[in-house]
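Chain residues, written in single-letter form:
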Amino acid sequence: MIGADLSGVVRTNVIKIHNEEQNNVYVQLNTKEKQDILKNRSSLKPIIQTIRLCRRQPIALRGHADSGRIEINEPTENDGHFRCLLRFKANNGDIVLKEHLEMSDLNAMYTSPQIQNEIITIFGELIQSEIVKQISKSSFFSVLADETTDISQIEQFSVSIRYLDEESMIVRENFSAFIPVQDVTGEGLTNTLLETLKNLRLNLEKMRGQGYDGAATMSGAFNGVQVIVRKKYPKALYTHCISHSLNLCLSDASKAQDIRNAFGTVSECCAFFHYSAKRTHILKEKVLEINPKTQAHKLKSQYASIIWSSDNIGVNHNLEAIQNRFLRSLAFKLKIERLLHSNYNGVLSYFNIESLNTGRSNLHYSFLLKLLNNSIDCPYLL
């Protein structure tokens, strides 16, 4: 009886297909496959958009518990911004996403950390391909590269491309790649650089410039990267990185006593206000009183960087020790025996000399008073 019923169903379907009242099995399967593809794309779209949002802002994706199914109700533990945003979307009108989170298999949710990383990698590849497309339209380009060790003790070689956007006539500089390296010799870094540019499908015959720091590996006249590259591409002229040159100039300039003292004074002024809310409030009031239209109410924090300040503790102690040894040597030459066993302050008092620390403090307070009384025109310090 069952066989007869099946035969009747088959006969009916065959007649409908013959009369074009129904699609054949292949068309039906193909239609179902298309519907599944469209549904999966609709489910994946909000996941991709959420990852893009988190990366663009930037917002951390992960939380304390970021595995398993995403519950529609609020969890007891923080499961991260990514899962929280998806939950928010599902609870506020995205029916397709809500159905996907509730009904899909655990191995087909596309929300695991591995899938997140894969999507982020795809973003990077798409951005990189778009940058390469713009560079390829330019007649020439220059390469900028630097090698450094990251926090995980991996040697990272960063490559950027500088080129002229001939449509807008704007010189652009775009980061292109991070490459872990093991061979940090000139030849090794050259091979890494050229291989990376070839993988990006750039025409190296268009390369007209190289920009690196002053390290011997990069800029050496015999075995540096710039020399090896120029042997293969003679038109790629080398230029020492201007920013690095400026950094070296400032470092050397800070060795001069007057400049070192100036940096120290500015640093002490910043610290003087920074460590007191009351003094900061007074400073803001004075700034508004002098210039009511100004929008800058804070000291520039970069001026207080310890890189440029000679007034850090270690240097202070060294300078004080040098002065102390000099004064004791002077006491020995003058045969003032009682000073040879005296303390530092006793020697200073005898010669009527103020300590270096006292001298710096006096200079700082003097500068500060002149600044607050508008005796010194230093708008960039405020």
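See the structure above.
About the cut-offs
Residues numbered from 1 in each chain as written. Predicted model: local features only at pLDDT ≥ 70, side-chain atom pairs only at ≥ 80, totals over all residues. Heavy atoms only, no water. Helix = DSSP H or I, 4+ residues; strand = E, 2+ residues; numbered from the N terminus. Contact = heavy atoms within 4.5 Å. Areas by Shrake-Rupley, 256 points an atom, 1.4 Å probe, with all protein chains shown as cover. Core = buried A, V, L, I, M, F, W, Y, C linked by side-chain atoms within 4.5 Å. Buried < 20%, exposed > 50% of the residue type's maximum accessible area, 1.4 Å probe, protein only. Salt bridge = Lys/Arg side-chain N within 4 Å of Asp/Glu carboxyl O. Pairing = 2+ DSSP bridges. Axes fitted to C-alpha atoms, helices over the stretch in contact; angles between N-to-C directions. Phe/Tyr/Trp six-rings, centres within 6.5 Å; stacked < 30°, edge-to-face > 60°. Lys NZ or Arg CZ within 6 Å of the ring centre and 35° of its normal. Expected span 1.5 Å × (residues − 1). Parallel < 35°, antiparallel > 145°, perpendicular 65-115°, else oblique. Polar contact = N/O pair within 3.5 Å; in protein donor to acceptor, adjacent residues only side chain to side chain. Patch = residues over 30% accessible without salt bridge, like charges linked within 9 Å, V, L, I, M, F, W, Y side chains within 5 Å.

Caption draft 1: Up close: the overall build of the protein. Scanning the protein from terminus to terminus reveals 15 helices and 5 strands. The long-range share in the protein, meaning contacts at least 24 apart out of those at least 6 apart in sequence, stands at 55%. Surface exposure of the protein reaches about 25,900 Å², of which carbon and sulfur atoms provide 55%.

Caption draft 2: Summary view of unusual backbone geometry. Along the chain, glutamine 57 connects to proline 58 via a cis peptide bond; the corresponding omega equals -10°. Positive phi is not limited to glycine here, since methionine 169 has a value of about 55°. Look at arginine 201: it is not a glycine, yet its phi comes out positive at around 60°.

Caption draft 3: Geometry of the nonpolar core. With 27 residues, the main nonpolar core has Phe157, Ile161, Leu193, Leu197 and Val229 as its most contacted residues. Elements with a minimum of two residues in this core: helix 5 (113-137), strand 1 (141-149), strand 2 (155-165), strand 3 (170-180), helix 6 (186-199), strand 4 (207-212) and helix 8 (225-232). Here leucine 197 is in contact with Val143, Val159, Ile161, Leu202, Leu204 and Met207, once residues within four sequence places are set aside. Listed in part, the 13 residues of the second largest apolar core include Ile47, Cys54, Phe82 and Leu86.

Caption draft 4: Looking closely at the pattern of salt bridges. Evaluation of the coordinates by the stated rule reveals 7 salt bridges. Two residues, arginine 87 and aspartate 79, come together in a salt bridge whose shortest N-O distance is 2.4 Å. Aspartate 79 matches arginine 87 in its accessibility class, with the two residues each being buried. Close ionic contact of lysine 133 with glutamate 130 constitutes a salt bridge, the shortest N to O distance being 3.7 Å. Taken together, the residues lysine 133 and glutamate 130, both in helix 5 and 3 residues apart, mark about one turn of the helix. With a relative accessible area of 46%, lysine 133 lands in the partly exposed category. According to the relative accessible area criterion, glutamate 130 is partly exposed, its value standing at 39%. Among the charged side chains, a network of salt bridges with common partners joins Asp79, Arg83 and Arg87.

Caption draft 5: Expanded view of the sheet that holds strand 4. Overall, mixed pairing links the 5 strands, which are arranged 3-2-1-4-5 in an open sheet. Here the strands that pair on one side only, and so sit at the sheet edges, are strand 3 and strand 5 (237-240). With strand direction ignored, the average angle separating the axes of adjacent strands in the sheet is 25°. Taken together, the 10 bridges between strand 2 and strand 3 define a ladder with antiparallel strand orientation.

Caption draft 6: Fine view of the packing of aromatic side chains. Under the defined criterion, the tally for this structure stands at 2 aromatic pairs. Geometrically, the ring pair formed by tyrosine 212 and tyrosine 238 is stacked, given 5.8 Å between the ring centres and 25° between the ring planes. With a gap of 26 residues between them, tyrosine 212 in strand 4 and tyrosine 238 in strand 5 connect regions that are remote in the sequence. Residue classification places tyrosine 238 among the partly exposed positions, given a relative accessible area of 22%. Lying across the ring of phenylalanine 272, arginine 279 places its NZ or CZ 4.2 Å from the centre.

Caption draft 7: Summary view of helix 6. For helix 6, built from 14 residues, the straight-helix expectation of 20 Å at 1.5 Å per residue is met to within 8% by its first-to-last C-alpha distance of 20 Å. Residues of helix 6 that are buried include every one of Gly186, Gly188, Leu189, Thr190, Thr192, Leu193, Leu194, Thr196 and Leu197, and no others. In the core, the buried residues of helix 6 are packed alongside strand 1, strand 2, strand 3, strand 4, helix 7 (216-219) and helix 8. Backbone geometry just downstream of helix 6 places arginine 201 in the positive-phi region, at approximately 60°.

Caption draft 8: Quick look at the packing of helix 10 (residues 257-274) against helix 11 (residues 277-290). Relative orientation of the contacting elements helix 10 and helix 11 amounts to 110°, with a least axis distance of 6 Å. In terms of orientation, helix 10 lies roughly perpendicular with respect to helix 11. Contacts from Phe272, Phe273 and His274 in helix 10 reach Arg279, Thr280 and Leu283 in helix 11.

Caption draft 9: Molecular detail of the side chain of histidine 100. Structurally, the position occupied by histidine 100 is in helix 4 (residues 95-103). Polar side-chain contacts of histidine 100 include one of 2.9 Å to the backbone oxygen of methionine 109. Setting aside its immediate chain neighbours within four residues, histidine 100 contacts Ser43, Ile47, Ala108, Met109 and Tyr110.

Caption draft 10: Structural detail: a nonpolar patch on the surface. Taken together, the side chains of Leu164, Met169 and Val171 make up a nonpolar region of the molecular surface, amounting to roughly 280 Å² of accessible area. Mapped onto the elements of the fold, leucine 164 is located in strand 2. A relative accessible area of 31% places leucine 164 in the partly exposed class.

Caption draft 11: Seen up close, the packing of helix 3 (residues 80-90) against helix 4. In the contact formed by helix 3 and helix 4, the axes pass within 8 Å of each other and the chain directions differ by 120°. With respect to helix 4, the axis of helix 3 lies oblique. On helix 4, the residues touching Leu86, Lys89 and Ala90 of helix 3 are Leu97, Lys98 and Leu101.

The values reported here are purely geometric and, on their own, carry no functional implication.
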